[in-house]
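# Chain and residue survey
Residue strings, one per chain:
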Amino acid sequence: MQHFYFDHNATTPVAPEVLETAMSCLSQVYGNASSIHHFGQAAKQKLEAARRQVAALIHASPAEVVFTSGGTEADNLAILGVVRAPSRPQAHLITSAIEHSAVLATAAQLEREGVAVTHLPVSAAGTVNPDDLRRALRPETVLVSIMHANNELGTVQPIADIARIAHEAGVPLHVDGVQALGKIAVDVDSLAVDLYSMSGHKLYAPKGVGALYVRKGTRLAPTTFGGHHERDRRPGTENVPGIAALGAAAELAGRTLTAESERLAALRDRLEASVLDRISGAGINGARWNRTPNTSNIYFDGVDGEAMVIALDLRGFAVSTGSACSSGAITPSHVLIALGLSADRARSSLRFSLGRSNTAEQVDALADALAASVTHLRRISVHA
Amino acid sequence: MSGGVDSSTVAALLVRQGHKIVGMTMQLWNQRRLPELVPETAGHGRCCSLDDVYDARRVAEQVGIPYYVVNFEKQFEEQVVQPFVEEYLAGRTPIPCTLCNNYIKFDRFLEMADAVGAHYIATGHYARVRYDEPTGRYQLLRARDESKDQTYFLFGLTQKQLARTLFPLGEMVKTEVRELARAMDLSVADKGDSQEICFVPNGDYAAFMSAYLKDKGIAPQATRGAIVTTDGRTIGEHEGVHHFTVGQRRGLGIAAREPLYVISTDPETQRVVVGGNDDLLRGRFIARRVNWISIEGVTAPVRAQVKIRNKHAAAPATVQATADPTCVEVVFEDAQRAVTPGQGAVFYDGDLVLGGGWIG
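Every chain's residues receive numbers from 1 upward, in the order its sequence appears when written. For this description, chains carry letters from A and ligands carry numbers from 1, given in the order in which they are written. Per-residue local features of the predicted model are confined to residues with pLDDT of at least 70, and side-chain atom pairs are confined, for both listing and counting, to 80 or more; whole-chain, interface and lining totals are unaffected and use all residues.

With that settled, consider the overall build of chain A. Strands are runs of DSSP state E lasting at least 2 residues, helices are runs of H or I lasting at least 4, and numbering of each runs from the N terminus. When you go through chain A residue by residue, the secondary structure sums to 13 helices and 12 strands. To get the radius of gyration, use the C-alpha atoms; to get the globule rule, take the number of residues to the power 0.38 and multiply by 2.2 Å. The C-alpha atoms of chain A give 21 Å as radius of gyration, which agrees with the globular expectation for 384 residues (21 Å, within 12%). Around each residue's C-beta, the other C-beta atoms within 10 Å are counted; 20 or more make the residue buried, 12 or fewer make it exposed, and counts in between make it partly exposed. All C-beta atoms are placed from the backbone. By the burial criterion, 52% of the 384 residues in chain A qualify as buried. Contact between two residues is assigned whenever their backbone-derived C-beta positions fall within 7 Å. For chain A, the share of sequence-separated contacts (at least 6 apart) that also reach a separation of at least 24 residues comes to 74%.

Attention now goes to the overall build of chain B. Counting secondary structure elements, chain B contains seven helices and 16 strands. Relative to the 2.2 N^0.38 estimate, which gives 21 Å for 360 residues, the radius of gyration of chain B is 22 Å and therefore close to what a compact globule would have. Seen through its principal axes, chain B has C-alpha atoms that stretch 65 × 55 × 35 Å. A burial count over chain B gives 42% of its 360 residues as buried. Within chain B, contacts between residues separated by at least 24 positions form 64% of all contacts whose residues are at least 6 apart in sequence.

This part covers the packing of helix α3 (residues 73-89) of chain B against helix α4 (residues 96-115) of chain B. Residue and element names in this part refer to chain B. Two elements in contact, α3 and α4, have axes whose closest approach is 9 Å; the angle formed by their N-to-C orientations is 165°. Judged by the angle between their axes, α3 and α4 are roughly antiparallel. Note that α3 runs across α4; the crossing there is right-handed. The segment α3 lies against α4, with Gln75, Phe76, Gln79, Val80, Pro83 and Phe84 engaging Pro96, Leu99, Cys100, Tyr103, Ile104 and Arg108. Helix axes use the C-alpha atoms of the stretch in contact, all axes being lines fitted to C-alpha atoms, and the angles between their N-to-C directions lie in the range 0 to 180 degrees. Here roughly perpendicular refers to angles of 65 to 115 degrees, roughly parallel to angles under 35, roughly antiparallel to angles over 145, and oblique to all remaining angles. For a crossing to be left-handed, the near helix must be turned anticlockwise from the far one by less than a right angle; the clockwise case is right-handed.

Residues and elements named next belong to chain A. Here, strands pair whenever DSSP counts at least two bridges between them. A sheet is described by the order of its strands in space; here seven strands give the open sequence β2-β8-β7-β6-β5-β3-β4, paired in mixed fashion. Where the open sheet ends on each side, the last strands, each with one partner, are β2 (65-68) and β4 (116-120). Direction aside, neighbouring strands of the sheet carry axes that sit 20° apart on average. One ladder, built from five bridges, connects strand β7 (residues 195-199) with strand β8 (residues 210-214); its direction is antiparallel. Directly across from Met198, in β8, lies its bridge partner Ala211. Across the sheet, helix α3 (residues 71-83) touches β2, β3 (92-96), β5 (141-147), β6 (173-176), β7 and β8, and the angle it forms with β7 is around 160°. The strands touched by helix α4 (residues 101-112) are β3, β4, β5 and β6; relative to β3, the strand with the most contacts, the crossing angle is about 155°.

When a strand is regular, its side chains alternate between the sheet's two faces. Residue and element names in this part refer to chain B. Within strand β1 (residues 23-27), five of the five residues are buried, which leaves the element mostly enclosed by the surrounding structure. The alternating pattern of β1 places Gly23, Thr25 and Gln27 on one face and Met24 and Met26 on the opposite face, and all of these are buried. Looking at chain direction, β1 and strand β2 (residues 67-71) are connected through five bridges and run parallel. The residue bridging Met26 from the neighbouring strand is Val70, located in β2.

We now examine the domain arrangement of chain B. All names here are of chain B. Just so you know, the domain bounds were taken from an automatic or database domain assignment. We note that the domain assignment places domain 1 (5-124 + 168-203), domain 2 (221-275) and domain 3 (281-359) within chain B. Computed from C-alpha coordinates alone, the two centres of domain 1 and domain 2 are separated by 36 Å. Taken together, the contact between domain 1 and domain 2 spans five residues of the former and seven residues of the latter. Tallied by class, the residues present in the side of domain 1 that touches domain 2 amount to three nonpolar, two polar and no charged. Classes in brief: Ala, Val, Leu, Ile, Met, Phe, Trp, Tyr, Cys and Pro nonpolar; Asp, Glu, Lys and Arg charged; the others, Gly included, polar.

Residues and elements named next belong to chain B. Unusually for a residue other than glycine, Asp185 sits at a positive phi of about 65°. Considering the arrangement of structural elements, one finds Asp185 in the loop between α6 (174-183) and α7 (205-215). Its identity is not glycine, yet Ala338 carries a phi of approximately 55°, on the positive side. As for its position among the elements, Ala338 is in the loop between β14 (328-337) and β15 (344-349). Its 20 C-beta neighbours within 10 Å are what place Ala338 among the buried residues.

To continue, consider the domain arrangement of chain A. Residue and element names in this part refer to chain A. Along its sequence, chain A is carved into domain 1 (4-11 + 257-380) and domain 2 (16-252). A straight line from the C-alpha centre of domain 1 to that of domain 2 covers 28 Å. Across the boundary between the two partners, domain 1 contributes 24 residues, which contact 26 residues of domain 2. The set of elements that each furnish at least two residues to the side of domain 1 that touches domain 2 consists of α9 (240-278), β10 (295-300) and α11 (334-339). In terms of residue count, α11 provides more of the side of domain 1 that touches domain 2 than any other element does, four residues in total.

Time to look at the confidence of the model for chain A. The score called pLDDT rates the predictor's confidence residue by residue, from a low of 0 to a high of 100. Here chain A shows a mean pLDDT of 94. Residues at 70 or above account for 96%. Between residues 324-329 of chain A, whose pLDDT stays under 50, and residues either more than four places distant or in other chains, the model counts six contacts.

Within soluble globular proteins, side chains that are nonpolar tend to cluster in buried spots. For the purposes of this analysis, a nonpolar core is taken to be any set of buried Ala, Val, Leu, Ile, Met, Phe, Trp, Tyr and Cys residues that are connected through C-beta atoms within 7 Å. Counting residues in hydrophobic clusters, the biggest one holds 122 residues, and the most contacted among them are Met308 of chain A together with Leu140 of chain B. Considering each element in turn, this core owes the most residues, seven residues, to α4 of chain B. Those residues in contact with Met308 of chain A that lie beyond four places of it in its chain are Phe300, Val303, Leu350, Ser373 and Leu377 of chain A. If you look at the next biggest cluster of nonpolar residues, it comprises 87 residues, including Ile58, Ile159, Val188 and Ala338 of chain A.

Residue and element names in this part refer to chain A. Here His3 lies in the segment before β1 (4-5). A C-alpha to C-alpha distance of 5.9 Å links His3 and Phe317, two positions 314 residues apart in sequence. Excluding its chain neighbours within four sequence positions, the residues that come into contact with His3 are Gly316 and Ala318.

This part covers the sheet that holds strand β9 (residues 261-266) of chain B. Residues and elements named next belong to chain B. Strand order in the open sheet made by the four strands is β8-β7-β10-β9, with mixed pairing throughout. Only two strands of the sheet have a single neighbouring strand rather than two, namely β8 (234-238) and β9. Strand-to-strand twist of the sheet, defined as the mean angle between neighbouring strand axes without regard to direction, takes the value 30°. Pairing between β9 and strand β10 (residues 271-275): five bridges, direction antiparallel. Paired with Thr265 across the two strands is Val272, which belongs to β10.

Residues and elements named next belong to chain B. Mapping Arg282 onto the fold places it in strand β11 (residues 281-292). A count of 17 C-beta atoms within 10 Å places Arg282 in the partly exposed class. Each C-alpha atom, one on Arg282 and one on Ala345, is 14 Å from the other, the two residues being 63 residues apart in sequence. For Arg282, the contacting residues outside a window of four places in its chain are Ala335, Gln336 and Val339.

Next up, the structure:
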């Protein structure tokens, strides 16, 4: 049976040119980038070339890019690093209700350590109201952390407005950009962000590599301790093959972003039009404007999302119920609940995230499978 | 697929027989929910542990079938755990496995089977199902391996459920199952059997109840009460009726010449009545909410062997109709020890399960 992949927000396949970079690095460039000799220098060159490539994608300067093991570590480093940088008797962190768990769980840990945390609500469209941020700011606020694009909905937050308000209060802004990078244009200067998290495997690079943009002058304490790597911000011998792959992926994304965004948005619209046309009791969660071009979150009333994911998988279509880590999740998606959806409707929702491999034929086949599955599930289901 | 040897062998057997199989594990209870109950060193035998899911996934990979974990935690808590706690607080001794079979394993799970287009569900239960042409009914029969027979917990199954259920281990004894698992090189072939009630660590249900009530924010009621003899003398105190079950001897904390047993508990007055072994004997009782399996019901009295708890050897009795069609009266030939409210009463005719109800 053929399997089609519609879960690119969970992870992406490694792009062929990225794979080539990683493989040649793995097989030939084995030096430690900190070593003085020829072998170390070769590794260092790869490392710094990748840093330039990643910086170019977000319009940063290379010295502002810190490589990490992935998006989660980047989020942790940004939030813990800023909040703990100077020791204060009181500290306050502002984030949103729809962040990824890498941000929410880090905030929860800080809360246990005595830091006050405010979670800004979102509208039914899925966006933070900048006025809410203005009201939430306090004299002791040390950081605002808001995601760029939401992983479940694709909705894009008004980052430039948020940055302006935070900066007026003298507070730095961290943005989790894991789901935006490569899908929409990112310019850390025009957005005026101070920290920006990135993940390799959402960008057609391998798992296990990511980066954090840290604007020059931002106070950031290390959260792990060791050698002097990454300008004393992230110790540990650099994962050169992974980092080189991330660099290649960043370059590829920069080259293809405009055309690929248009193509994916057209496919996404084709899927939504087909679903809404053919399936009653279905609708889009969150705003249809201002979202990443590849993501669609759709509810199917009266259908159990978990059963639907399994039924579709057995038909060869990989989709998800929300964030990928759902195998122990009894509680419906915190993102959909924050939008104001009922628990039932949240449990009846599926996320479709398109990517480079998807074609119009695949999208049409998916729409067929969805129509058939929804009909079947509604016929047999007594719960849901 | 629980990750144990039985359901793993079922999956492997069915694949070998050429069936198209989907493997599923039901996630029923989050062990981290009540962390005070679970020691860091806890081994296997806990339900829904990550280890068990790992084992089930590995077997699915070995036998080459698609595999999914489906989450029924919400239903399990509402339809199994909460009634379990309520029953104990009401002075009865519940059997959560039967509720789980009735409402989760053969109901919610069957719906999931429907959802993915499966015709049957197959489990590792030790029991047999067969279709009886003359009566047009699906019959439930004891397993060939009497020591493993699980029909006591299956008396609530409906005809609709039985029609869709396969018990491939019903004709095998446990040693054969293990041998087969070894022969098929299953990774779980030598894994130990699970014990006790799956969500209650170490069988300590009183500790579970305290932790659960605390988690739910339900204040422990004033459950302290008196221990009295059958003739009304107060001879001690206790911490709550839910610590006691009919027939229990240990944990009374009373020195007496003759061994003392719990005869009954009364949550209204918080009294625990104790007496001698003979006080435990009952000649008859009413079984409620009866479900008929292999027969349609009783009009005239029917001879049967009746089992009143899992480890009870079914005793000869007459099962007769009452004015209430959902209840029957069971009259034993010889009085039986510890007929316990909350337990099931299952009526057998030899290997055949006629039906069963709740002792209440």
